[in-house]
Amino acid sequence: MKIAFVGKGGSGKTTLASLFLRHLAAETPAPPLLGIDADINQHLAAALGAGEDHQQPTLGEHMSVIKDHLRGDNPRVHSAGDMIKTTPPGRGSRLIGIDDDNPLYTRFVRVVDGVRLAATGPFTESDLGVSCYHSKVGAVELLLNHMVDGAGEYAVVDMTAGADSFASGLFTRFDVTFLVCEPTLRSVGVYRQYLDYARDFDVRVAVVGNKVIDGDDVAFLRQHVGADLLTWIGRSDHVRAAERGDIRPVEQLEPANRDALRSMRALVDGVEQDWPKFHRQTVEFHLRNATAWANGRAGRDLADQVDPGFVPGPVSLAG
């Protein structure tokens, strides 16, 4: 399953993403698992317990490497330079799994507290005034477009805050989107905005309340998000310690909060993957980007990169 964590800036989505990743990694047996930090504020490694000496090679700085690997010998993609962030896979493309032994994972994935992690990289001084952060997040979109994940496997992505995800088709790349929502009007406002944008794309959104103190907070969330409220994280000394840099074993998380993580996994495990829809939306956003800007840059119609009749999935990965 491909899973996103979104929400208002400061709502705790990185904290929740790290707890969910650590919860999965602590299971027996631990499932195939990959975390991806796609937030402009790169804090997921630290939330997982990485020290100051942690070295994480970044996806966003090596787009050409990623493109060259994924295009494989797909005849519809002429070169790495011909490939854009939305280029869909086709026959000849290299598809990747969650825990493959492939050159991209060898180069870009590192292990933090038992969690395999990749990161887009931060917005750097050289980017100021000349590029947007979505040029880096495009690496994640390409990876997810070419990723074939099976039952009991999890790719967990910590996304940009608010509605920034809608600057690309990345918001459609997930089987489940967990929207982290504080019991405040501003946080609920982001929830409503997200749902409004996602409504036409059949995006499965589940709300996880955070920083919930009492029954009034739960009632507030139920009033404003209704049946979308899946569960919530209550007052947590475990989380407060982590915010001070004291990363404790996830087994020490408060029982009610650990149960919330179990509810989240149960929801994810109950979702059936829809590969035709996934690929249909890949193609839709590719054609949008091709028409809007990419055809002019490429000097040709990039609709030709779409391989008619091809749909990714476990069979295509095995083939």
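Provided above is the structure to which this section pertains.
Anyway, here's the lowdown on the structure attached to this text. If you're wondering where the values come from, they're calculated on a predicted model, not measured in any experiment. (Residues numbered from 1 in each chain as written. Predicted model: local features only at pLDDT ≥ 70, side-chain atom pairs only at ≥ 80, totals over all residues. Heavy atoms only, no water.)

What to know about the overall build of the protein chain
The criterion, for reference: The way it works is that DSSP assigns letters per residue, a run of H or I at least four long becomes a helix, a run of E at least two long becomes a strand, and they are numbered from the N terminus. Each radius of gyration reported is based on C-alpha atoms, and the globular scaling rule is 2.2 Å times the count of residues to the power 0.38. Summary of the burial criterion: residues with accessible area below 20% of their type's maximum are buried, those above 50% are exposed, and those between are partly exposed, where the area comes from a 1.4 Å probe applied to protein chains only. Between two residues, a contact is recorded if the distance between any of their heavy atoms is within 4.5 Å. Every accessible area reported is derived by Shrake-Rupley at a probe size of 1.4 Å, with residue values counting cover from the shown protein chains alone. When charges are tallied, Lys and Arg are placed among the positive residues and Asp and Glu among the negative ones, while His and the ends of the chain are skipped. In this description, the location of a charge corresponds to atom NZ of lysine, CZ of arginine, CG of aspartate or CD of glutamate.
Across its full length, the protein chain carries eleven helices and eight strands. For 319 residues, the compact-globule estimate of 2.2 N^0.38 gives 20 Å, and the protein chain sits close to it at 19 Å. Taken along its principal axes, the extent of the C-alpha atoms in the protein chain is 60 × 45 × 40 Å. By the burial criterion, 56% of the 319 residues in the protein chain qualify as buried. Within the protein chain, contacts between residues separated by at least 24 positions form 75% of all contacts whose residues are at least 6 apart in sequence. Per element, the accessible surface of the protein chain, about 13,800 Å² overall, is 50% carbon and sulfur. Distance between charge centres in the protein chain, computed from 33 positive and 42 negative side chains, equals 2 Å.

Here's the deal with the packing of helix 6 (residues 185–198) against helix 7 (residues 215–225)
Worth spelling out the cut-off: Throughout, an axis means a line fitted to C-alpha atoms (over the contacting stretch in the case of helices), and angles, computed between N-to-C directions, take values from 0 to 180 degrees. Oblique is the label for every angle not falling under 35 degrees (roughly parallel), over 145 degrees (roughly antiparallel), or within 65 to 115 degrees (roughly perpendicular). Crossing handedness follows the turn of the near helix against the far one: under a right angle anticlockwise gives a left-handed crossing, and clockwise gives a right-handed one. Classification convention: Asp, Glu, Lys, Arg as charged; Ala, Val, Leu, Ile, Met, Phe, Trp, Tyr, Cys, Pro as nonpolar; all other residues, Gly among them, as polar.
The interhelical angle for the contact between helix 6 and helix 7, taken along N-to-C directions, is 30°, at an axis separation of 11 Å. Comparing the axis directions of helix 6 and helix 7 gives the class roughly parallel. As for how helix 6 packs across helix 7, the hand of that crossing is right-handed. Contacts from Leu185, Val188, Tyr191 and Arg192 of helix 6 reach helix 7 at Phe220, His224 and Val225. For the contact of helix 6 with helix 7, the per-class residue count stands at five nonpolar, one polar and one charged.

A few points about the sheet that holds strand 5 (residues 154–158)
Sheet strands pair by backbone hydrogen bonding; their relative direction is either parallel or antiparallel. Heads up, the rule is: Whether two strands pair comes down to DSSP finding at least two bridges between them.
Spatially, 3-4-2-5-1-6-7-8 is the arrangement adopted by the eight strands of the open sheet, whose pairing is mixed. Single-partner strands in this sheet number two, and they are strand 3 (110–112) and strand 8 (229–234). Pairwise comparison of adjacent strand axes, ignoring direction, gives a mean angle of 30° for this sheet. Across three bridges, strand 3 lies against strand 4 (residues 115–119) in antiparallel orientation. Each residue of the ladder has a partner; that of Val112, found in strand 4, is Val115. Each of strand 1 (2–7), strand 2 (33–37), strand 4, strand 5, strand 6 (176–181), strand 7 (205–212) and strand 8 is contacted by helix 1 (residues 13–25), which is oriented at about 150° to strand 1, the strand it contacts most.

As far as function goes, none of this settles anything; it's purely spatial.
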